[in-house]
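Each chain, written out:
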Amino acid sequence: MTRAWVGVVSRAHVLRGVEGGFAQLCHGKRLPLEKMSVGDWLVYYSPRTEMRGGEPLRAFTALGRVHGARTVPFDMGGGFVPYRRDVRFERAAREVPLARLGQSLDFIRSNPHWGMLARRGHFEISLEDLRTIAAAMGVSAEAFAPAPTPHAGGCPMR
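Keep in mind the model is a prediction, meaning the values are calculated, not measured. (Residues numbered from 1 in each chain as written. Predicted model: local features only at pLDDT ≥ 70, side-chain atom pairs only at ≥ 80, totals over all residues. Heavy atoms only, no water.)

What follows is about the environment of Ala23. Assignment of secondary structure puts Ala23 in strand 2 (residues 22-23). Relative accessible area serves as the criterion here: at 0%, Ala23 is assigned to the buried category. (Helix = DSSP H or I, 4+ residues; strand = E, 2+ residues; numbered from the N terminus. Buried < 20%, exposed > 50% of the residue type's maximum accessible area, 1.4 Å probe, protein only.)

So, in structure tokens, the structure goes:
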């Protein structure tokens with residue numbers, strides 16, 4: 001069964017992932033990526049423009065579907081080796097401020113302190129919430145067709 005997830009990542013890091021076709025979550029931890037299956041949806045929520053500092057943003061910044069069957073380490077140099085997962089991002093998706101959707105999302109209505117979920121860096125949402133976010137981002141219902149065939153090779157070394 002297809003599931004939907006939110007990843008909490010700064011906009012700058014989201015844009016790198018969209019450009020490279022990969023997801024990286026929770027400062028490179030493996031487990032959040034392995035909770036997702038091929039065909040699952042990932043929507044990024046960015047509280048800020050940059051990881052350290054930056055401007056407050058509080059917006060959904062990207063939407064994609066898990067494509068790679070494997071979670072792979074990626075050596076970024078300096079001893080930092082985060083894990084990544086291949087994701088096909090919806091290029092037509094527009095950034096949407098959370099304030100525009102707010103109370104129309106079940107995970108916010110049912111969790112008055114939903115910011116505690118966001119602190120985890122990765123959490124599951126309903127497919128209905130995903131559809132609401134996707135529609136606001138300008139992603140058509142056609143995007144919710146059956147999952148793509150998995151890419152067995154994992155993230156290419158970029």
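To continue, consider the pattern of salt bridges. Overall, the coordinates contain four salt bridges when judged by the stated rule. For the salt bridge of Arg109 with Asp106, the shortest nitrogen-to-oxygen distance reads 3.7 Å. Pair noted here: Arg109 and Asp106 are both in helix 4 (residues 106-109), with a separation of three residues, about one helical turn. (Salt bridge = Lys/Arg side-chain N within 4 Å of Asp/Glu carboxyl O.)

Take helix 6 (residues 127-136) next. All of the buried residues along helix 6 are Asp129, Leu130, Ile133, Ala134 and Ala136. On an axial view of helix 6, the arc spanned by its buried residues comes to 160°, and they lie on one face. Turned more than 90 degrees away from the buried face of helix 6 sit Glu128 and Ala135, all of them exposed. The positive-phi residue at the C-terminal boundary of helix 6 is Gly138, with phi of around 85°. (Arc of directions from axis to C-beta.)

All right, on to the pairing of strand 5 (residues 83-89) then. Look at any regular strand and the pattern is simple: side chains alternate between the two faces of the sheet. Burial runs high along strand 5: five of the seven residues are buried. Direction of pairing for strand 2 relative to strand 5: antiparallel, over a ladder of two bridges. Residue pairing across strands places Ala23 opposite Arg85, the latter belonging to strand 5. In this structure, strand 4 (residues 56-73) lies alongside strand 5, joined through six bridges in antiparallel fashion. Paired with Gly64 across the bridge in strand 5 is Phe89. (Pairing = 2+ DSSP bridges.)

With that settled, the discussion passes to the nonpolar core. In this structure, Phe60, Leu63, Phe107, Ile125, Ile133 and Met137 are the most contacted members of the largest nonpolar core, which totals 26 residues. Sorting the residues of this core by element identifies strand 1 (4-8), strand 3 (41-48), strand 4, helix 3 (98-101), helix 4, helix 5 (115-120), strand 7 (122-125) and helix 6 as the ones contributing at least two each. If you tally residues by element for this core, the top one is helix 6, at four residues. Dropping the residues within four chain positions of it, Phe107 is found in contact with Phe60, Trp114, Phe123, Ile125, Asp129 and Ile133. (Core = buried A, V, L, I, M, F, W, Y, C linked by side-chain atoms within 4.5 Å. Contact = heavy atoms within 4.5 Å.)

Once that is clear, we can look at the pairing of strand 1. Within strand 1, five of the five residues are buried, leaving the element largely enclosed by the surrounding structure. Because side chains alternate across strand 1, one face comprises the buried residues Ala4, Val6 and Val8, and the other comprises Trp5 and Gly7, equally buried. Sheet topology note: the strand 1/strand 7 ladder contains four bridges and is antiparallel. Pairing of Gly7 across the sheet is with His122, part of strand 7.

If you check the backbone angles, His27 has positive phi at about 60° while not being a glycine. Here His27 is to be found in the loop between strand 2 and helix 2 (31-35). For His27, a relative accessible area of 59% translates into the label exposed. Its identity is not glycine, yet Arg58 carries a phi of approximately 55°, on the positive side. Secondary-structure assignment places Arg58 in strand 4. Judged by its relative accessible area of 51%, Arg58 falls in the exposed class.

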